[in-house]
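Examination of the molecular architecture
Okay, here's what each chain looks like letter by letter:
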2 protein chains.
Amino acid sequence: MADDETVRNESEGFPNSDAAFDLTGGSPEPELRELIGDMSPDEFRRFGHQAVDWLADYFEHPERYPVQPDVTPGALVDALPRSAPDQGEPMDRILADFERQIVPHVTHWNHPGFMGYFATSGSMPGVLAEALIAGLNNIGLLWKTSPALVELEQVTLRWLAEWLGLPKDWFGMTLAGASVASLHAVIAAREAAKEQARVNGKRFDLDKLTLYTSEQAHSSIEKTMLVLGLPRENCRKVGVDDEFRMRAELLENLIQEDLAGGFQPFCIVGTIGTTSTTSVDPIAALADIAESHSLWFHVDAAYAGAAGILPEKRHYLDGCERADTFLLNPHKWLFTPMDLTAFYCRRPEELRQALSLVPAYLRSEQDERAVNFMEYAVPLGRRFRALKLWFVMRYFGRAGLMANLREHIRLAEGFGKRVDEHPDFERIALTPFSVVCFRYKPAGVDEGRLNAINQRLIEAINATGEFFLSSTVLHDQFTLRVAIGNIHTREKHVERLWELMLEKSSEALTS
Amino acid sequence: MADDETVRNESEGFPNSDAAFDLTGGSPEPELRELIGDMSPDEFRRFGHQAVDWLADYFEHPERYPVQPDVTPGALVDALPRSAPDQGEPMDRILADFERQIVPHVTHWNHPGFMGYFATSGSMPGVLAEALIAGLNNIGLLWKTSPALVELEQVTLRWLAEWLGLPKDWFGMTLAGASVASLHAVIAAREAAKEQARVNGKRFDLDKLTLYTSEQAHSSIEKTMLVLGLPRENCRKVGVDDEFRMRAELLENLIQEDLAGGFQPFCIVGTIGTTSTTSVDPIAALADIAESHSLWFHVDAAYAGAAGILPEKRHYLDGCERADTFLLNPHKWLFTPMDLTAFYCRRPEELRQALSLVPAYLRSEQDERAVNFMEYAVPLGRRFRALKLWFVMRYFGRAGLMANLREHIRLAEGFGKRVDEHPDFERIALTPFSVVCFRYKPAGVDEGRLNAINQRLIEAINATGEFFLSSTVLHDQFTLRVAIGNIHTREKHVERLWELMLEKSSEALTS
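Fair warning: this is a prediction, and the values are worked out from it, not measured in the lab.

Looking at the overall build of chain A
- Check the secondary structure of chain A and you find 15 helices and 12 strands.
- Relative to the globule expectation of 24 Å for 511 residues, the C-alpha radius of gyration of chain A, 25 Å, shows essentially globular dimensions.
- Across its three principal axes, chain A shows a C-alpha extent of roughly 75 × 75 × 45 Å.
- Here chain A, with 511 residues, has 57% of them falling under the buried criterion.
- Pairs at least 24 residues apart make up 75% of the contacts formed inside chain A by residues separated by at least 6 positions.

Structure, rendered in C-alpha cells:
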C-alpha cells in the first residue's frame, strides 16, 4: 500500500536526537509481533515507565515549553500522514512522535503561566488515578456493571458536599462538564413545570417557557435553550449591578412581566463565580424569588464552588442549600484532571421522571441502594471518574486543598494590589477569588484608544510564550483577565508577569 | 477532628500483607509534606512506576479476580469513611487502599470472561495514552486552547473514515458516548426540519415531530425524545423481520399514516448491530425512504461499525455514505479506553446552526481551518480523546485490529457451532459479528418452563466468577448472550464457557 509506505517513511524521517523517549530499547518490529491480542504486559511495563518518566520530567520543567504554541491552523493536519498505518508500529516510535509531533502543537494548560479562562490543573495524584481508571476500563451502566464505580461516586460526592457545607442527603452524580450538567438541571426544571401545569390544569407550552439568568452567566445556560429547542429569546438575561451581580429586583420585574404576558417562567439560574469577573449572584434573594413563584432554582458554581471549602469564603455559597440543582467542577479548581463535574440535585425524582425509560411501576432493583445513574442522566455509560476525585481528596486532604486555594487567592490579591497601586492600570472588577480583571489606562490617553492598546498588550504578553491570558469586555472596555488556578503557579510567576506587563504596556502604547 | 481520626484509623487498620503496592518505601507523612503545591515529580515517578507495575500485573493475570464481585449494594459505601480526610494521606496508603478496598468491588470489564452487553477493552496502548492525556490535561474549548487536540481529532477521525470506506470529507468529532452522539444527530434533524418548515411556509410544531427506529434499536434513541421534551410516543418503533431487521415497508407505511394524520416525520434512525442480537437494518432501503420524504437519516453503528474495517464485513455498512449522521464507538470494539465515540456529520452546518451561539455574521476565525468544536456540540470543553485513538490505530495498525476482530468473530462462530450441534441448545438469532444469542432447550421440557430454567442457568454461570454474561428477551424467550469483544479472550475461555454451560444447564434443569 503506497499510503502506508508514506506513513512509515515520514515517521522514520523525524530527527530523534533530542527525544526523551528511548528509541534504542526498541519494541519488536510489527512483522514479528503477534498480530492477535494486546501489547504484552512486559512491554506495557517498560513503556509505562517511560511515559511516567516523561510526565515527571514534564511536571518538573513545564516552563521549557511556550504556554501557547506558535503554530498556524492546519499545520499538524498537514504534518501528519494522510492515512493510518496498515501495519502496526512500534510503541517507541509512537511515543517519540508524541513528543516531537504532537507536543509542539499543545497549549500547555499545566504550565504555571497558563492564566487564561479558568486555569485548571490535572494534579499528579489525579493523573495516577486516570491511569488506573483507564486500566480497569469500567463502564458504569448499571450498579452491577461496577459497584465500585457507583458507590465511590456516592461516597466522594457526599464527602465533597460535607466540605462545602451542602446538605449531605442531596443526590449527587458526576457528569462530563458544566454544560451537560446544566442541561440536566434545565431538563429537570422543564419536567417539574410540566407536572405543575398538569396538577394545576394549565396548558403546558414549550414555546412559552422562560428561563432567567444574569447577563454575566456562562453561555452554556443559554445553550440549554438551543439544545432543548426552546426559543432562544426566552432565555432572559437579567441586568447586573456595579459588581456584576444579578439584580434581584430586575429579576422579579421580568418574571411579573412574563406572567402578565402569558409566558411560563420555569427556571432561575444563579452563578457563583461568573465567567468574566467571578462575581457572585445574590443567591439567597434568588432562592426567595424562585420559591415565591415555584420555579426551579439551579446554581452554577463551576469554578468558584471549590472556594466553599474555605471557611472565609463559604459565605458566597449561602443560600445554595435552597437550590434544586447545584454544580461545581473539581476539574476546574480542585486539581482533578478533566473531566469531572459534580452535580447535585435536591429533587432527583424529577430527573428520573424526565430521563428514565423504566416506568416507576416496573422498577425492580434488588435493592434500592443499587443506584443506576443512567436513570437520572442523559449519558448511558460513565467512566470511573470518582476514583480520581478520591485520590485527590485523600492525597491533599481538605487542609492541602485549602492551602492551595488560599495561595492562589493570595497571589491574585497581590497582583490586584500591583494594579491598584500603579497609576496607569485600573482594576475593572472585584477579585473575590483568584481572577483579576483590569486594564492598562495610561494617563492622558483617550478612552477611544484604550481598547486597541489593551488588545495589543495581551497579544504581546501571549506572544512571549511565558504566559497565556484571556480577555473579556466589561462596560464596552476591553479587559484583561489574570486567572490564577494552576497548581504550579508561584509568587515568582506573578512577579514576572507584572514585570512583563509594565514592559509590554509601554510598547503597546507607542506601537 | 473526630471524623478525621476515624478515617485514619480505619485506613490504617486494613491488613497489608497481600498488597502488591509497596508500603515500605513510604511517602513522607502529611505533616512533613509541603502543604502548597502538587506531589513532587520524584514522588510521581515512583508511584507512577508502582501504578504501571500494578497494571502490568493486572493485565497479566486478570483471571485472578472474579469477573463480577460478590458484594451487596451499599457494601463499599458502608466500608469507606463517612468523611474525607482533613489532612492529606500518603500516596502509598491510597494505592494500597485502592487495591484492598476498591478493586474487590470492581466488575472486571478487562477480564477475558467478561462477555456481557458489548464486551470492550481498554487496550494497553490506549491506557498509556490516557496517562499522557491526563498529564497534559488539555481542555478543548477553542482551537487555540489546544491546536493539537483539535487537529489530531480531525486527523484520526478522517483516518477512521477511510478505513471504514466512508466519505473522507465528512465532518467528524469525538463525543463522550453514543447516547450523547445520537442526541446531536436528533438535534440536527430537528433543526433541519425547522428550516424545511420555514422554507415551505409550514407550521413547525415540536409536539408533532415523529422519529422512526426499529423496535430493536438502542434505548438511547427513544431517550433523545425524552431529553428534547418531545412526546415519547412520537418515537415510532418499527417492526422487524425474522432476523430482527427493521422492515422497510412497515416504515414507509408508518410515515404515510403519520403524514396523513398531521404529524411531521423528521428523522429515521437505522442500526448496524442492534443491542440484543447485533442485527443490521436494511440501510440502503432506509436511505431511500429518508431521501424520498426529505428526512434526516442517522445511523447508529456503535458496536458493529468497527467491523467495517474488515473487507468481508464491509457490506453491512453499505448505504451509510447516504446517512446524514453516523456514529461508532471505538471504546466498544476498537480497543480504545472509555470514552470515545466517533461522530460524523454530512451536513455540519445544521449542527452549527442549532448549537452555535455565535451568529454566522459574527464568526471571525482567523482561519477557517481553526475549527472550534464547541460550535457543533452540546459540551463546551472536551478531553484530548484523539490521542488514545491515535495510539491505538498506530500501535495495532489496521492489520492488527483486523486480526483481533477476526479472532473474536471466529470465537463467536465457534461457540455458535457448539450451540447448533447440541440437541439441547438452540440459537435464537444470527451471528453476523461476535455476539451469540441462544438458549438452553432440553428435549421434552415445556416451553413454559424454559425462561425460568435459562434465568437460573445464567445466574449459575455468573456466580462462578469465571464469566459474566448478560441476557435479553426475544419473542418472549429469555435469551442468553455471549458477547466476545475483550482483547484478552482466547479459544480456551470459550471452551471453558461451553464446558460450564453443559454442567450448569443440567443443574438448572433439575434445581
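Let's talk about the pairing of strand E5 (residues 264–271) of chain A
All names here are of chain A.
- Within E5, eight of the eight residues are buried, which leaves the element mostly enclosed by the surrounding structure.
- As paired elements, E5 and strand E6 (residues 296–300) share five bridges and run parallel to each other. Residue pairing for E6: cysteine 267 is matched across the bridge by tryptophan 296.
- Traced from E5 through helix H10 (residues 283–292) to E6, the parallel crossover comes out right-handed.

Details of the relation of the copies chain B and chain A
- Here chain B sits on chain A after a turn of 180° about the axis and a move of 0.0 Å along it, with an RMSD of 0.0 Å. Interpreted geometrically, this transformation is the action of a two-fold axis.
- By residue overlap, the copies meet face to face through one surface: 100% of the interface positions of chain B are interface positions in chain A.

So, the environment of B:Leu164
Residue and element names in this part refer to chain B.
- In this fold, leucine 164 is placed in helix H6 (residues 147–164).
- Taking the C-beta count within 10 Å as the criterion, leucine 164 has 22 such neighbours and is therefore assigned buried.
- With sequence-adjacent residues up to four places away left out, leucine 164 is seen in contact with Gly305, Gly308, Ile309 and Leu317.

Some points on the confidence of the model for chain A
All names here are of chain A.
- Across chain A, the average pLDDT comes to 92, with 92% of residues at 70 or higher.
- Of the regions scoring below 50 in pLDDT, residues 1–18 engages in 20 contacts with residues more than four places distant in sequence or in other chains.
- Note that pLDDT drops below 50 for residues 22–33; the model gives that stretch 21 contacts with residues more than four away or on any other chain.
- Across the whole predicted complex the pTM is 0.94, and at the interface the ipTM reaches 0.94.

Details of the packing of helix H14 (residues 447–463) of chain B against helix H15 (residues 491–510) of chain B
Residue and element names in this part refer to chain B.
- Remark: H14 packs on H15, axes separated minimally by 9 Å, with the N-to-C direction vectors making an angle of 130°. Between H14 and H15, the angle is such that the two are oblique. H15 is crossed by H14, and the crossing has right-handed handedness. Here Ile453, Arg456, Leu457, Ala460 and Ile461 of H14 come into contact with H15, specifically with Leu500, Met501, Lys504, Ser505, Glu507, Ala508 and Leu509.
- Of the residues in the contact of H14 with H15, the class split is eight nonpolar, one polar and three charged.

Re the interface of chain B and chain A
- Each side of the interface is counted separately: chain B has 121 residues, and chain A has 121 residues.
- Looking at the side of chain B that touches chain A, the element that brings in the most residues is helix H2 (residues 41–60) of chain B, giving 14 residues.
- Residues that form the side of chain B that touches chain A fall into these classes: 69 nonpolar, 32 polar and 20 charged.

Examining helix H4 (residues 91–102) of chain A
- With nine of 12 residues buried, H4(A) lies mostly within the body of the structure.
- Along H4(A), the residues that are buried comprise A:Met91, A:Asp92, A:Arg93, A:Ile94, A:Leu95, A:Ala96, A:Asp97, A:Phe98 and A:Ile102.

Thoughts on the packing of helix H7 (residues 178–199) of chain A against helix H12 (residues 348–355) of chain A
Residues and elements named next belong to chain A.
- Contact geometry of H7 with H12 gives a least axis separation of 8 Å together with a crossing angle of 85°. On the basis of their axis angle, the class for H7 and H12 is roughly perpendicular. In this structure, H7 contributes His184, Ile187, Ala188, Glu191 and Ala192 to the contact, and H12 contributes Glu350, Leu351, Gln353, Ala354 and Leu355.

Observations concerning the environment of A:Gln264
- With respect to the element layout, A:Gln264 can be found in strand E5.
- Residues A:Gln264 and A:Trp498, spaced 234 residues apart in sequence, show a C-alpha to C-alpha distance of 50 Å.

Some remarks on the sheet that holds E6(A)
Residue and element names in this part refer to chain A.
- The mixed open sheet is built from seven strands, whose spatial order is E2-E8-E7-E6-E5-E3-E4. Edge positions in the open sheet fall to strand E2 (171–175) and strand E4 (235–238), since each of these has one partner strand only. The mean inter-strand angle of the sheet, taken between neighbouring strand axes irrespective of direction, is 20°.

Re the nonpolar core
- Core analysis: the largest hydrophobic core is formed by 341 residues, its most contacted members being A:Leu55 and B:Leu55.
- Each residue touching B:Leu55, except ones within four places of it in the same chain, is listed here: A:Phe44, A:Gly48, A:Ala131, A:Gly135 and B:Val127.

A short note on the sheet that holds strand E1 (residues 114–115) of chain A
Residue and element names in this part refer to chain A.
- Pairing within the open sheet is mixed, and its five strands lie in the order E1-E11-E12-E10-E9. On the outer flanks of this sheet lie E1 and strand E9 (425–427), each paired with one strand and no other.
- This element, helix H13 (residues 386–421), spans E9, strand E10 (435–440) and strand E12 (477–483) of the sheet and lies at about 20° to E10.

Considering unusual backbone geometry
All names here are of chain A.
- Of the consecutive residues methionine 338 and aspartate 339, the connecting peptide bond is found in the cis state with omega at 0°.
- Within the secondary structure, aspartate 339 is located in the loop between helix H11 (330–333) and strand E8 (341–345).
- Despite not being glycine, histidine 475 has its phi angle at roughly 50°, a positive value.
- Mapped onto the secondary structure, histidine 475 falls in the loop between strand E11 (468–474) and E12.

Parameters and conventions
Residues numbered from 1 in each chain as written. Chains lettered and ligands numbered in written order. Predicted model: local features only at pLDDT ≥ 70, side-chain atom pairs only at ≥ 80, totals over all residues. Helix = DSSP H or I, 4+ residues; strand = E, 2+ residues; numbered from the N terminus. Rg over C-alpha atoms; globule rule 2.2 N^0.38 Å. Buried ≥ 20, exposed ≤ 12 C-beta atoms within 10 Å, placed from the backbone. Contact = placed C-beta atoms within 7 Å. Pairing = 2+ DSSP bridges. Right-handed = clockwise from strand over helix to strand, strands pointing away. Least-squares fit on C-alpha atoms with pLDDT ≥ 70 in both. pLDDT = per-residue confidence, 0-100. Axes fitted to C-alpha atoms, helices over the stretch in contact; angles between N-to-C directions. Parallel < 35°, antiparallel > 145°, perpendicular 65-115°, else oblique. Left-handed = near helix turned anticlockwise from the far one by under 90°. Nonpolar A, V, L, I, M, F, W, Y, C, P; charged D, E, K, R; others polar. Core = buried A, V, L, I, M, F, W, Y, C linked by C-beta atoms within 7 Å.

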